[in-house]
Amino acid sequence: MTQNSTAPPVTFVIFGASGDLTSRKILPALMGLAEDGHIGKDFNIIGVARTELNDKQFQQLIKKATGTKSPTFNEITGRAKYVTGEYTSDSTFNKLKEIFASYKQEPNVCYYLATIPEMFGEVALQLKNFGLSKPTGSNFIRLVIEKPFGRSFESAEKLNGSLHNAFDENQIFRIDHYMGKENVQNLLALRFANAIFEPIWNRRYVDNIQLTVAESLGVEHRGGFYESEGALRDIVQNHVMQVLSLTLMEPPAFMDADSIRNEKVKLLHSVEVMNRTEIAQNVVRGQYIAGIIDKTKAVAYRNEPGVSKSSTTETFVAMRLSVDNWRWAGVPIYVRTGKRLKCRATELALQFKRVPHMSFSQELTHDLEPDILILRIQPDEGVSVRFGVKVPGREFKLKTVSMDFNYKDEFKEQPKDAYQRLILDALLGDPTLFIRSDEVMQAWKIITPIENAFKHNIVPLTSYKSGTFGPVESDKLLAQLRHKWHLT
Ligand code: BG6
């Protein structure tokens, strides 16, 4: 991982510049980088999109999105340029070429694809056709690409083919914003910089692992997009697989991009690819109906704008995965994610096995839960260990208590937004936290059969009330092996 944190001069070209992601995430992240001194006045922004705007209007858009107070970012904004055009048309790329030609030297370029996914391959192809995808001197050219990266193994393979036709793999930075989250990166520190966890991080001591990515929000204004996506593609294929691979992988020899990503890919290769029978037994899918969250009424998914009244898109998935390797053989790995759940919480929990022989009588231990290590990824980032202690008094009663570490109590500096961290890494050319092509393909190998099983109704669509933790079938999935979701 790079120590240097000042980016060289870069021309940052955003495709999809008038869109939601640009205003909500990319521009504020760039402003944060300017405020923290990671990018200087020599940074250029060029917006490209179909919406008709001129440079001044784009500059206004940047100001509105960022409410910029940073003098450096003000200066960058004042020079920002905008190209109106179709992503497939030659004139768009000619205009871009003209802007580059007006610079005194070949610029370092970072393209950011924030368009609709159907355009990713097209834009890459046009950049190649116009000689804009490969550096001609000592400058660099990089491509940052947003999810969704394909819709299946086949389409991701096709997309990789289109990108590789224009760019080398080491120019491509596939972003997964979960990798920019502080406590996801902390998994590396927790596991590989502490001797106390290493000996117990395996099948001998871990009984089961649970990863919950719960959102209380619904699909908001993204109903139309979400309809063709669903929770499996939206969260499991990417964010869940990323967190799992850092949790379960073997120790890398070094903390560099290749060593870490090699181990992640190796781990993904060990995740069992389920057949239809196994999928039917190990996967639950659900869709939210109306309910109440935080005392506010929430409408059913089928009544959200842009959603079909007979939609079968899943807004919830729970599953039990197996990892077929020496470390994890036989340890159930439970994951669940959903929208309109009881609260927003992303948590990883390692539940440990009970002691081999309980010497204390049952009356003394009925308040004793299994030992658990919990990593709170958001909100309230931190780590907790839950274990049993003696309750004060003559009787030898036992009770489970919690030992907590909270980022905000320990460190003055608040975690930066994930996009800010990741965009800086892309500008610095550090690919460690980005998803390599073989990683994305292996994740699709695991997910595509499940997608197909959903399509053929092998896993029935259940419903759950907004404001709960999903359908009862999700609890039943764990109950089959006498487990319980720890977060309820
Ligand atoms: C995005 C999904 O990738 O992640 C959204 O497309 C989801 O549907 C979001 O809401 C969740 O991100 P976070 O950082 O709020 O957990």
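Before reading on, note that the structure itself is shown above.
Quick notes on the rules
- Residues numbered from 1 in each chain as written.
- Predicted model: local features only at pLDDT ≥ 70, side-chain atom pairs only at ≥ 80, totals over all residues.
- Heavy atoms only, no water.
- Helix = DSSP H or I, 4+ residues; strand = E, 2+ residues; numbered from the N terminus.
- Buried < 20%, exposed > 50% of the residue type's maximum accessible area, 1.4 Å probe, protein only.
- Contact = heavy atoms within 4.5 Å.
- Areas by Shrake-Rupley, 256 points an atom, 1.4 Å probe, with all protein chains shown as cover.
- Lys, Arg positive; Asp, Glu negative; His and termini not counted.
- Charge placed at Lys NZ, Arg CZ, Asp CG, Glu CD.
- Pairing = 2+ DSSP bridges.
- Axes fitted to C-alpha atoms, helices over the stretch in contact; angles between N-to-C directions.
- Near = heavy atom within 4 Å.
- Polar contact = N/O pair within 3.5 Å; in protein donor to acceptor, adjacent residues only side chain to side chain.
- Nonpolar A, V, L, I, M, F, W, Y, C, P; charged D, E, K, R; others polar.
- Expected span 1.5 Å × (residues − 1).
- Phe/Tyr/Trp six-rings, centres within 6.5 Å; stacked < 30°, edge-to-face > 60°.
- Core = buried A, V, L, I, M, F, W, Y, C linked by side-chain atoms within 4.5 Å.
- Domains from an automatic or database assignment.
- Patch = residues over 30% accessible without salt bridge, like charges linked within 9 Å, V, L, I, M, F, W, Y side chains within 5 Å.
- Salt bridge = Lys/Arg side-chain N within 4 Å of Asp/Glu carboxyl O.
- Bend = angle between axes of the 7 residues up to and from the residue.

(A) Representation of the overall build of the protein chain in the model. Within the protein chain, the secondary structure is distributed over 16 helices and 17 strands. Seen along its three principal axes, the alpha-carbon backbone of the protein chain occupies a region of about 80 × 50 × 45 Å. Looking at the 488 residues of the protein chain, the share that counts as buried comes to 55%. The long-range fraction of contacts in the protein chain, counting pairs at least 24 apart against all pairs at least 6 apart in sequence, stands at 77%. A total accessible area of about 22,100 Å² is found for the protein chain, and carbon and sulfur atoms account for 52% of it. In the protein chain, the 61 positive side-chain charges and the 57 negative ones have mean positions that sit 3 Å from each other.

(B) Molecular detail of the sheet that holds strand 3 (residues 81-84). One open sheet accounts for six strands, arranged 3-2-1-4-5-6; its pairing is parallel. The open sheet has two free edges, formed respectively by strand 3 and strand 6 (172-174), since each of these has just one partner strand. On average, adjacent strands in this sheet sit at an angle of 20 degrees to one another, irrespective of strand direction. Across four bridges, the pairing between strand 2 (residues 44-49) and strand 3 is parallel. By the bridge assignment, isoleucine 46 is partnered in strand 3 with lysine 81.

(C) How the structure looks around the site of the ligand. Lining the immediate surroundings of the ligand are Lys147, His177, Tyr178, Lys181, Glu215, Arg222, Asp234, His239, Lys339, Arg344 and Gln378. Note that an oxygen atom of the ligand is positioned 2.5 Å from one of the side-chain N or O atoms of tyrosine 178. At 2.6 Å from an oxygen atom of the ligand is found a side-chain nitrogen or oxygen belonging to glutamine 378. Of the residues belonging to the shell around the ligand, the class tally is one nonpolar, three polar and seven charged.

(D) The arrangement of the environment of arginine 482 in detail. With respect to the secondary-structure elements, arginine 482 resides in the segment after helix 16 (472-479). The exposure class assigned to arginine 482 is exposed, which follows from its relative accessible area of 79%. As a C-alpha pair, arginine 482 and glycine 218 span 264 residues in sequence and 31 Å in three-dimensional space.

(E) Quick look at unusual backbone geometry. Note that the residue after lysine 147, namely proline 148, is joined by a cis bond; omega there is 0 degrees. Relative to the helices and strands, proline 148 resides in the loop between strand 5 (141-145) and helix 6 (153-166). Between glutamine 378 and proline 379 the backbone carries a cis peptide bond, its omega angle lying at -15 degrees.

(F) The arrangement of helix 10 (residues 257-270) in detail. The terminal C-alpha atoms of helix 10, which comprises 14 residues, lie 20 Å apart, in line with the 20 Å expected from a rise of 1.5 Å per residue. Taking burial as the measure, the 14 residues of helix 10 include ten buried ones, the bulk of the element. Looking only at helix 10, the buried set comprises Ala257, Ser259, Ile260, Arg261, Glu263, Lys264, Val265, Leu267, Leu268 and Ser270. Check the buried side of helix 10 and you find it contacts helix 7 (182-192), helix 9 (230-248) and helix 15 (437-455). Two or three places before aspartate 258, at the opening of helix 10, aspartate 256 has a side-chain oxygen 3.1 Å from that residue's backbone nitrogen.

(G) Here's a closer look at the packing of aromatic side chains. All chains considered together, the criterion is met by 20 aromatic pairs. Here the aromatic rings of phenylalanine 58 and tyrosine 82 are separated by 5.2 Å at their centres, their planes lie at 45 degrees, and the arrangement is tilted. Of this pair, phenylalanine 58 sits in helix 2 (residues 55-66) while tyrosine 82 sits in strand 3, placing them 24 residues apart in sequence. By relative accessible area, tyrosine 82 is classed as buried at 7%.

(H) Geometry of the side chain of serine 70. Structurally, the position occupied by serine 70 is in the loop between helix 2 and helix 3 (71-78). Within the structure, the side chain of serine 70 is placed 2.9 Å from the backbone nitrogen of phenylalanine 73, a separation counted as a polar contact. If we skip the residues at most four places from it in the chain, serine 70 touches Ala34 and Glu35.

(I) Expanded view of the nonpolar core. Within the largest apolar cluster, 146 residues are counted, with the highest numbers of intra-cluster contacts made by Phe15 and Tyr111. Per element, the largest residue contribution to this core is ten residues, and it comes from helix 9. When residues of this core are assigned to domains, at least three fall in each of domain 1 (11-146) and domain 2 (179-479).

(J) Seen up close, the environment of proline 431. Considering the arrangement of structural elements, one finds proline 431 in the loop between helix 14 (418-428) and helix 15. Judged by its relative accessible area of 21%, proline 431 falls in the partly exposed class. Between the C-alpha atom of proline 431 and that of tyrosine 111, which follows or precedes it by 320 residues, the distance is 15 Å. Once residues lying within four places of it in the same chain are set aside, the contact partners of proline 431 are Phe173, Ala257 and Arg261.

(K) Up close: a nonpolar patch on the surface. A cluster of nonpolar side chains, Val355, Met358, Phe360 and Phe396, forms an exposed patch at the surface whose accessible area comes to about 330 Å². Mapped onto the fold, phenylalanine 396 is located in the loop between strand 15 (382-390) and strand 16 (398-406). The exposure class assigned to phenylalanine 396 is partly exposed, which follows from its relative accessible area of 38%.

(L) Here's a closer look at helix 9. With 19 residues, helix 9 extends 25 Å from end C-alpha to end C-alpha; this agrees with the ideal 27 Å at 1.5 Å per step. Of all the bends in helix 9, the greatest measures close to 45 degrees and is centred on valine 236. With respect to burial, helix 9 is a largely interior element, 19 of its 19 residues being buried.

Interpretation in functional terms is not warranted from these geometric data alone.
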